Amino acid sequence: MAIPAGFPDASTTGVPDGTVLTSYTGPSTITKDGTVIENKIIDGSLIVSADNVIIRNCKINYNGWWGIDAEGAKNITIQNCDIVGPGYGGDSNAGILGSGTFLRNDISKSENGIVLQGGASTVKGNYIHDLEDGAGDPHYDGISVQGGQNGVLIEDNTVIGRDTSDVFIKNDFGPISNVTVNHNYLAGNPGINIYVDGRASGGPITGVTITNNYLEKGYYGYYSVDNSSPVISDNIEYLPGEAPPVIPGYSFAGTAGNDFLPLAGQSTGGNDILRGLGGNDVLIGGRGADTIDGGTGIDTASYATSNAGVRVSLYTGTTAGGDANVDTLLSIENLTGSRYSDILVGNNSANVLRDGSSVGDLLKGLGGNDTYQVYSANTVIAEGAGNGTADRVMAGVDYKLGAGVYVEVLSTNGTAGTDRINLTGNALHQEILGNAGANVLRDGGGVGDVLKGLGGNDIYQIYSSATTIVETSSSDKADHVMAAVDYQLGAGVRVEILSTNGSTDTSPITLIGNEFAQRIFGNAGDNRLEGREGNDTLRGFGGDDTFVFNTKLGSSNVDTVLDFHAADDRFLLSDNIFTALTPGTLAATAFRANTTGLAGDATDRIIYETDTGKLFYDADGLGGSAGIHFATLTGTPSITNADFSVA
């Protein structure tokens, strides 16, 4: 049986291709609110008695009464699952019992597909087919609504029913209100496609609308209505054995400018023709086998409104799934995905490929300098070597480049934005750019990247000493470099904090500042901390730390050492700066500790003011030159000449 283009089938429902599944070892009865079960093979039925449970990307093979029994549970979500009952080999009622959100499931081999409980539900994009049951006199229904429901959407499903109905609405167990049955493909060999039967004693059936459906006539007819007044309109009805009629489409034409087609108020749904003509156009064909012709300019075919995932390749010209089924694309450079899992492939020109939702897509640009617009951390980018020299990812969410992805620029989706977006490169070289907010930018640990935080108080996570940081804003006061390797700040980099990537780590790491004042922090290992110019603040934490002084002394270059431990740490003084000192351990005669900070004789060179913690360098002792204050030790620790080395 040929399913009309745009309706779900086995290729667009159930577990997405490429999903890695493992055996489910959890409980068969779910009692914890908010439980998520995903990417599992489940042998047997599940009973759900908790609220807000999510079951997705699972293969469920059962031999009981229900595949998933969520009677009494609130707000369950079941999506992209293959649910297979025992068929003629057993006695089962339905693949799903419950109320909630049921999306893109492939349900077969049970008496009924989905039996709704009381309350509101959304049943969308499911494929219900091959209904079978081994018990005597089964009552086959694809989707059953039998009382207590208020606010039900049944839309964009394919139901290949039999014997009784595709959609069964009856007030056996309570009143029913506000049920929408819209744009479904209802076929097979049922007695009646849609029943609306209000003759039972459960209460009235009100607010039922049945619109825009494809109906292959059941044995006795399309509709059976008793004691109710549903709105039935704009459905496509045809006889068994006939090909589904082609819905006449519309023709839309743009202008020489930038157009968005169709315009507000214009509808698609048939086999439409959209011509962008000039300008950079966005064209949405919607349902049906559409011809989408961008014309001149840089044009986008958008599947943002598709009811299921799409697979589109500009390279091969193939389209499949959801609204992309049997579309013809002409002069299209860019693609936008749906709210579901998509595969979007460019060509050998510069393409813009945009994912559609948090589900995550596969985007493959091929040749040319492509732009990937990413709004899901789950989106996978495939960009091989030699397929462009300026490929770019623009992320509206936190995003990490996969290994081996040859993308040259990784950025947020707008430099002026202030959303906190965190970006991580890979082992290849990238330029990684933040925005005006506080970003976390992490290199890939390979050949070294260029990281530009732009505005905001940014964090740079460094795993390659070759990485370059570009930070020029003087208005931000807490930009922070966290290094897991030896790292030196470049000249002109306005970063206020330079640290290791964790104070409790014991890796020996060297950190070197620049001409601006920084707070420089080590870890529990043996660190070498070099403030360079500026009034820096140094903290070694644990380990045997070395505090280095090797730049021109003066009032604008006085460092504060927060935690000098004489038993473990040392000062390393450059003999190019401290020219009056002899290389090696500082001579005892060249050191003096007192409360004045002044030299006591002609041999004194390093004077420690014990009541303030200040260190002075006096090049000539009691000569005419005054001592130069170059450091202050917090806590006024007891130190000697042995704590100083000169090199």
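A few points on the structure. (Residues numbered from 1 in each chain as written. Predicted model: local features only at pLDDT ≥ 70, side-chain atom pairs only at ≥ 80, totals over all residues. Heavy atoms only, no water.)

Some details on the sheet that holds strand β14 (residues 112–116)
Pairing in this open sheet of 9 strands is parallel, and the strands run β2-β5-β8-β11-β14-β17-β20-β23-β26 from one edge to the other. Each of the sheet's edge strands pairs with one partner strand only, and the pair in question is β2 (29–30) and β26 (221–226). Bridge analysis of strand β20 (residues 165–170) against strand β23 (residues 192–197) gives 5 bridges, and the strand direction is parallel. Residue pairing in the sheet places S165 in a bridge with I192 of β23. (Pairing = 2+ DSSP bridges. Helix = DSSP H or I, 4+ residues; strand = E, 2+ residues; numbered from the N terminus.)

Here we look at the nonpolar core
Counting 69 residues, the largest nonpolar core has F571, I606, L615 and F630 as the members making the most contacts within it. Contacts of I606, omitting those with residues within four sequence positions, involve L573, F578, L581, L586, A590, F591, R592, L615, F616, Y617, F630 and F644. Residues I30, I60, L131 and Y140 belong to the second largest nonpolar core, which totals 46 residues. (Core = buried A, V, L, I, M, F, W, Y, C linked by side-chain atoms within 4.5 Å. Buried < 20%, exposed > 50% of the residue type's maximum accessible area, 1.4 Å probe, protein only. Contact = heavy atoms within 4.5 Å.)

Remarks on the state of the cysteines
Counted by the stated rule, this structure contains 0 disulfides. No disulfide involves C58; its sulfur sits 4.8 Å from that of C81, the nearest cysteine. Accessibility expressed as a relative area gives 0% for C58, which makes it buried. (Disulfide = S-S within 2.5 Å.)

Here's the deal with unusual backbone geometry
Note that the residue after L261, namely P262, is joined by a cis bond; omega there is 0 degrees. Among the secondary structure elements, P262 is positioned in the loop between β30 (260–261) and β31 (271–275). You will see that D163, though not glycine, has its phi angle at about 65 degrees, which is positive. The topology assignment puts D163 in the loop between β19 (158–162) and β20. With relative accessibility at 42%, the residue D163 sits in the partly exposed group. Here L277, not a glycine, exhibits a phi torsion of approximately 60 degrees, which is positive. Along the chain, the position of L277 falls in the loop between β31 and β32 (282–283).

Some words on the pattern of salt bridges
Tallied over the entire structure, the rule returns 15 salt bridges. Between D197 and K170 there is a salt bridge, with its nearest N and O atoms 4.0 Å apart. Residue D197 is located in strand β23, and its partner K170 is located in strand β20; the two are separated by 27 residues in the primary sequence. Taking relative accessible area as the criterion, D197 reaches 4% and is therefore assigned buried. By relative accessible area, K170 is classed as partly exposed at 21%. E530 is the partner of R532 in a salt bridge, and the nearest nitrogen-oxygen pair spans 2.7 Å. Via salt bridges that share partners, K170, D172, D197, R199 and D226 belong to a single interconnected network. (Salt bridge = Lys/Arg side-chain N within 4 Å of Asp/Glu carboxyl O.)

Here's the deal with the packing of aromatic side chains
In the structure shown here, the tally under the stated rule is 17 aromatic pairs. The interplanar angle of 45 degrees and the centroid separation of 6.3 Å between the aromatic rings of F547 and F571 together place this pair among those described as tilted. Taken as a pair, F547 in strand β60 (residues 546–549) and F571 in strand β62 (residues 570–573) lie far apart in primary sequence, 24 residues in all. Given a relative accessible area of 0%, F571 falls into the buried group. Here the aromatic cluster, defined as three or more aromatic residues joined through ring pairs, consists of F547, F549, F564, F571, F578, F591, Y617, F630 and F644. The ring of F541 has R539 lying over it, and the distance from NZ or CZ to the ring centre is 5.6 Å. (Phe/Tyr/Trp six-rings, centres within 6.5 Å; stacked < 30°, edge-to-face > 60°. Lys NZ or Arg CZ within 6 Å of the ring centre and 35° of its normal.)

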